[in-house]
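These are the residues of each chain, in order.
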Amino acid sequence: LAQKTNNISLWIHVSDLIGVSPISLATIIHSTDLFSERKVELKKDHSWQWWMFTESITCHAWSPDLSMVALCPNNNEVHIYKSSQDQWERLHVLEKHDQIVSGIDWSSKSNKIVTVSHDRNSYVWSLEGGEWVPTLVILRLNRAALCVQWSPKENKFAVGSGAKTVCICYYEQENNWWVSKLIRKRHESSVTSVAWHPNNILLATTSTDGKCRVFSTFIKGVDTKDPKAGSPAESKFGEQQILQLDLSYSWTFGVKWSPSGNTLAYVGHSSMIYFVDDVGPSPLAQSVAFRDLPLRDVLFISEKMVIGVGYDSNPMVFAADDTGIWSFIRYIGEKKAESSGASYSSQFSEAFTKFYGQSKATTANEASESSKSRGGVHDNCINAIVSLSKAGSPKVMRFSTSGLDGKIAIWDLENMEEELGHQF
């Protein structure tokens, strides 16, 4: 109130009431969003630009025309910002959840937002008369909802949960509400991520039980049968097309399909990334280990190239060669590039020294310093990567990342084609 009126006597009176000096009171008020909008800081480069929205971001999603972004500032709210000439204005605050919002997805065709939260609820938000109106989704969960994603046709969405179940939600026109069918007794722990196959039927999941699974989500009356014999649409709901992939001995996250749906990628908490070709009864699997911190999410930017993000705060590029062998290529967005060959050589030298019992206490510190010197756009864990290309595009030229540092970054790969190589 004092700030709004610019009344000096009121400043002093309010400060006396709460026992702080007028200068301290002004500092406190200006450092919060209580009376004023936070200014979104902008930084640019030839291949990226980022904005500081808040102190921490849990998840984010973009509107169909990419002019608005919905994000969770690590609480029970969803903030919607609109872009105008490199400036972001907060238009809406969606307040319906009671606990942290753990997942957001914005449909590109119907312009609906779906949110899930640790309060075990999900809402589908529709824009009516300039306001976002929520519709409750009946999930029937007794544990937190952890992730959500619309299907390619946007007639369904999947919700992963801490209840070891996956909810496949669809709209019932007769009753005018969203209901769900549950995939039960398949996971042994929390479902951390879900990914839809381009055919709108198959769904891949990862879990903290260390496994990746693929299910059929065919729902009679919602999906149409594929005339091709032996198609996934002929499978029963919840039936596993791949029994399970036991490639990881740690938690698994961030599962994604390639644009064609022929390859599956997901990450493990043991600094491993896994690639699965010929998804079916006899899949071909590969695992790639890297020396840095674990990843949290991945994105296919082409059939033979994947970008992973996670605790290392720098996006990592993985690519397949002409023989189909996947490997780590480089980091992007780093201030000081570091060749992978030199880093692995250093790691080998460290192991060789330890083998002969020679003390080298500075090695860990040196490795830590080299990781810090790489530095880049993000200053903390990157927990989400989102494609900014049209759904079904064979290549992703732009994508966004968000992290626990409160930043959202947009990456443009058009200026990096030579650096990324012929696989892109």
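Residues numbered from 1 in each chain as written. Predicted model: local features only at pLDDT ≥ 70, side-chain atom pairs only at ≥ 80, totals over all residues. Heavy atoms only, no water.

J.: Can you walk me through the packing of aromatic side chains in this structure?
T.: What characterises a pair of aromatic rings is the spacing of the ring centres plus the angle enclosed by the ring planes. Applying the stated criterion across every chain, the model contains 17 aromatic pairs. With a centroid separation of 5.8 Å and 70° between ring planes, the pair formed by tryptophan 150 and tryptophan 178 is classed as edge-to-face. With tryptophan 150 in strand β11 (residues 145–150) and tryptophan 178 in strand β14 (residues 177–183), the pair connects residues that are 28 residues apart, well separated along the chain. In terms of burial, tryptophan 150 and tryptophan 178 fall into one category: buried. When the centroid spacing of 6.1 Å and the interplanar angle of 10° are considered together, the rings of phenylalanine 399 and tryptophan 411 count as stacked. Within this pair, whereas phenylalanine 399 is found in strand β28 (residues 398–403), its partner tryptophan 411 is found in strand β29 (residues 407–412), the two being separated by twelve residues in sequence. Per residue, the accessibility class of phenylalanine 399 equals that of tryptophan 411, and both read buried. By way of ring pairs, the aromatic residues Trp51, Phe53, Trp62, Tyr81 and Trp88 are connected into one cluster. Positioned above the aromatic ring of phenylalanine 253, the side-chain terminus of arginine 296 is 4.5 Å from the ring centre. Against the face of tryptophan 50 rests lysine 407, its NZ or CZ located 4.0 Å from the ring centre. (Phe/Tyr/Trp six-rings, centres within 6.5 Å; stacked < 30°, edge-to-face > 60°. Helix = DSSP H or I, 4+ residues; strand = E, 2+ residues; numbered from the N terminus. Buried < 20%, exposed > 50% of the residue type's maximum accessible area, 1.4 Å probe, protein only. Lys NZ or Arg CZ within 6 Å of the ring centre and 35° of its normal.)

J.: I'm lost on the nonpolar core in this one. Help?
T.: Side chains of nonpolar character tend, in soluble globular proteins, to be buried together. Among the nonpolar cores identified, the biggest contains 20 residues, and Ile301, Ile307, Ile332, Phe399, Trp411, Leu413 and Leu420 are the most heavily contacted of them. Broken down by secondary-structure element, the contributors of at least two residues to this core are β2 (48–52), β23 (295–302), β24 (305–310), β25 (316–320), β27 (382–387) and β29. Ranked by the residues each element gives to this core, the list is headed by β24, at three residues. In this structure, Ile273, Val288, Phe290 and Phe318 belong to the second largest nonpolar core, which totals 17 residues. (Core = buried A, V, L, I, M, F, W, Y, C linked by side-chain atoms within 4.5 Å.)

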